[in-house]
Amino acid sequence: MRASKGWLITIFTVAVLSVILLAPTFLGDALPGWWGKVFPDRGIRLGLDLRGGIFLLIGVDSEAAVEHELTGIKDFTASELKNEKVLVKGTQIEGKDLTLSFFSEGDLEKAKKIADDNYSDRADIDGDGLSLRFALKDGYLDDIKIRAIDQVKQVIENRVQELGLVEPSIQKAGSDRILIQVPGASEKDRQRIIDIIKKSAVLEFKIVRDTGAAEETVLAKYGVSNPDELSGQDLMLHPGATGSENEKFFVTTSEAQVTGESLSDARLIFDEFGRPAVGFNFKGEGASKFGELTETNIGNRLAIVLDGTIKSAPTIQERITSQGRITGDFTAEEAKDLALVLRSGALPVPVNIEQERTVGPSLGKDSIEKGKLSMMVGGVLVIIFMIFFYKLQGVVSDIALALNMLFIMGFLSAFGVTLTLPGIAGLVLTLGMAVDGNIIILERIKEELRVGKSPIAAIDAGYSRSLWTVLDANITTLITALILFWFGTGPIKGFAATLSIGIISTVFSNVVVARVITNLIYQDKKVPALSI
């Protein structure tokens, strides 16, 4: 390989491109506005362990998604049977099975026909006596769980991003967990973030049938002893949080004709007494449904139910179609956060915080300083070692190593990689492999000189005969890094990304850059001896 103009231009172009790609990392907002339209503008970001922030591992109750699916099947089937004037005697949900029981074989036959027409593609359906059993198929069960975790991830992304925090990282971790990293978030933000993430935010609007100060008293009016028995009367019991001692419990209609899914907007407002509240607007069909609900219930009380608890129950004075408000004992920040989660949508299934950790910015700063120091000390020692043992060829290797570092940082910046401590470890490992590759080549050149070859012939033979050794070592490590990237999460993925980019750049640096610089020094000259 001669030091042709083509190779020199290629190396120069890659070096200049790396500097350009690295610019957002150091200049940030100082770059002109057009920069992002022409070049990547994300730059290298510091991870949680370097910048400080909050780490949360959230478990998703995917089994609840299965129960929701079975409840949906039950409600649809019961609704269809109601049109056929058939009543369901009882229901039972257990694991992936739903069992409906009936009063007669005729009712069972009608139910089986509805079930076969609507659910045969997703459940095994069979009758036993006067009962009809739905068993969800395994493939559909997997789809339900995957869909649930995807929906939870999307909702959490919406909520965290609306908080205005910088560069949160939200990703799936395995089949039933979500990993959230919020660099730069303080301890003060921690509880607020957790509250916002955990809030289900299921908003429903129901008509109030009765209220009372004690659960037993309210249930006794309907001749039942526990809340579940109210379902037979199409009613439901909710705890109240309206601030009234005489309204601790509410009996409402079982079905919510309008839900939070119909909201187009929610925001912080203040009521006529100056107290914080949440104002909301409906969209499209939701506005029509809300208008119909309020028009047919003028004079009744409308329960605004949030996560199963009634927050307020105003009396309907007139038809309302487009907007409403939720009042309660809110602070301004609580009302603002509630508006945020309502805008972001409800969680389809419950979640729980399995692990949380707050990393202080001082710890991150300490890690950065120690990382810088170790890289500087290591780099200086490597430069001295290479020059001491390999003289001029050692200088060539050091120049190639410096360019390699520039290339790696440039491409990490272009991809917007989040640099973490494991990422720095990957970077150091890559530089070690680059030095190792140079030593393999230089030792091979020395061997060729010892068997009597001329300097130029020794260089050619050294590079060509060590090529496959260098490639083998780097390709096997690259395969491992790609597997880590594919299956890993969080810091492991960052380590794998840094290592992969580093290996590709290292091979280019060892095989091309060092060779072109060497040839540039010696080609077309009489070389009596190599400085090696």
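Predicted model, so just to flag it, every value in this text is computed and none were measured.

Caption draft 1: Region of the structure containing the packing of aromatic side chains. Evaluated as defined, the whole model comprises 9 aromatic pairs. For the ring pair Trp 34 and Trp 35, a centre distance of 5.8 Å and an interplane angle of 40 degrees mean the geometry is tilted. The exposure class of Trp 35 is buried, given its relative accessible area of 11%. One aromatic cluster is present, formed by Trp 34, Trp 35 and Phe 39 through successive ring pairs.

Caption draft 2: Region of interest: the sheet that holds strand S13 (residues 263–270). The strand order across the open sheet built from 3 strands is S13-S14-S17, with neighbouring strands paired in antiparallel fashion. Two strands in the sheet have a free side with no partner beyond their single neighbour: S13 and strand S17 (323–326). Put simply, the sheet's adjacent strands are angled 25 degrees from each other on average, direction ignored. In the packing of helix H10 (residues 332–344) onto the sheet, the strands contacted are S13, strand S14 (276–282) and S17, and the crossing angle to S13 comes to about 175 degrees.

Caption draft 3: Region of the structure containing the sheet that holds strand S6 (residues 131–136). Taken in spatial order, the 4 strands of this open sheet run S3-S4-S6-S5, and their pairing is antiparallel. Two strands bound the open sheet, and with one partner strand each, they are strand S3 (90–94) and strand S5 (123–128). Neighbouring strand axes in the sheet, compared pairwise and without regard to direction, differ in orientation by 15 degrees on average.

Caption draft 4: Looking closely at the side chain of Asp 398. Looking at the element boundaries, Asp 398 is found in helix H11 (residues 361–414). No salt bridge is formed by the buried Asp 398. Its closest oppositely charged neighbour is Lys 391, at 13 Å. Among residues more than four places away in sequence, those in contact with Asp 398 are Val 382, Ile 383, Met 386 and Ile 387.

Caption draft 5: Looking closely at the side chain of Thr 77. Of note, Thr 77 is situated in helix H4 (residues 62–83). Look at Thr 77 and you get buried, because its relative accessible area is 0%. With residues up to four places along the chain from it excluded, the contact list for Thr 77 reads Leu 100, Tyr 119 and Phe 134.

Caption draft 6: Spatial organisation of the layout of surface pockets. For the largest pocket, the calculated volume is near 2300 Å³. In terms of lining, the largest pocket is formed by 48 residues, of which the most central are Thr 71, Asp 75, Met 236, Ser 254 and Glu 255. Elements supplying a minimum of two residues to the lining of the largest pocket: H4, S3, strand S9 (203–212) and strand S10 (235–239). No other element matches H4, which puts 8 residues into the lining of the largest pocket. The residue inventory of the lining of the largest pocket, partitioned by class, reads 21 nonpolar, 16 polar and 11 charged. Looking at the second largest pocket, its volume works out to about 790 Å³. If you go around the second largest pocket, you meet 28 residues; those closest to its centre are Gly 371, Lys 372, Met 375, Met 405 and Leu 427.

Caption draft 7: A look at H10. In this model, H10 (13 residues) spans 18 Å end to end at C-alpha, consistent with the 18 Å of a helix rising 1.5 Å per residue. Along H10, the residues that are buried comprise Ala 335, Asp 337, Leu 338, Ala 339, Leu 340, Val 341, Leu 342 and Ser 344. One or two residues past the end of H10 sits Gly 345, with phi positive at roughly 100 degrees.

Conventions adopted
- Residues numbered from 1 in each chain as written.
- Predicted model: local features only at pLDDT ≥ 70, side-chain atom pairs only at ≥ 80, totals over all residues.
- Heavy atoms only, no water.
- Phe/Tyr/Trp six-rings, centres within 6.5 Å; stacked < 30°, edge-to-face > 60°.
- Buried < 20%, exposed > 50% of the residue type's maximum accessible area, 1.4 Å probe, protein only.
- Pairing = 2+ DSSP bridges.
- Helix = DSSP H or I, 4+ residues; strand = E, 2+ residues; numbered from the N terminus.
- Axes fitted to C-alpha atoms, helices over the stretch in contact; angles between N-to-C directions.
- Contact = heavy atoms within 4.5 Å.
- Lys, Arg positive; Asp, Glu negative; His and termini not counted.
- Salt bridge = Lys/Arg side-chain N within 4 Å of Asp/Glu carboxyl O.
- 1 Å grid on protein atoms, 1.4 Å probe; cavity = no way out; pocket = protein on both sides within 12 Å on 5 of 7 lines; lining within 4 Å.
- Points joined across faces, edges and corners; volume = space filled by probe spheres on them.
- Nonpolar A, V, L, I, M, F, W, Y, C, P; charged D, E, K, R; others polar.
- Expected span 1.5 Å × (residues − 1).

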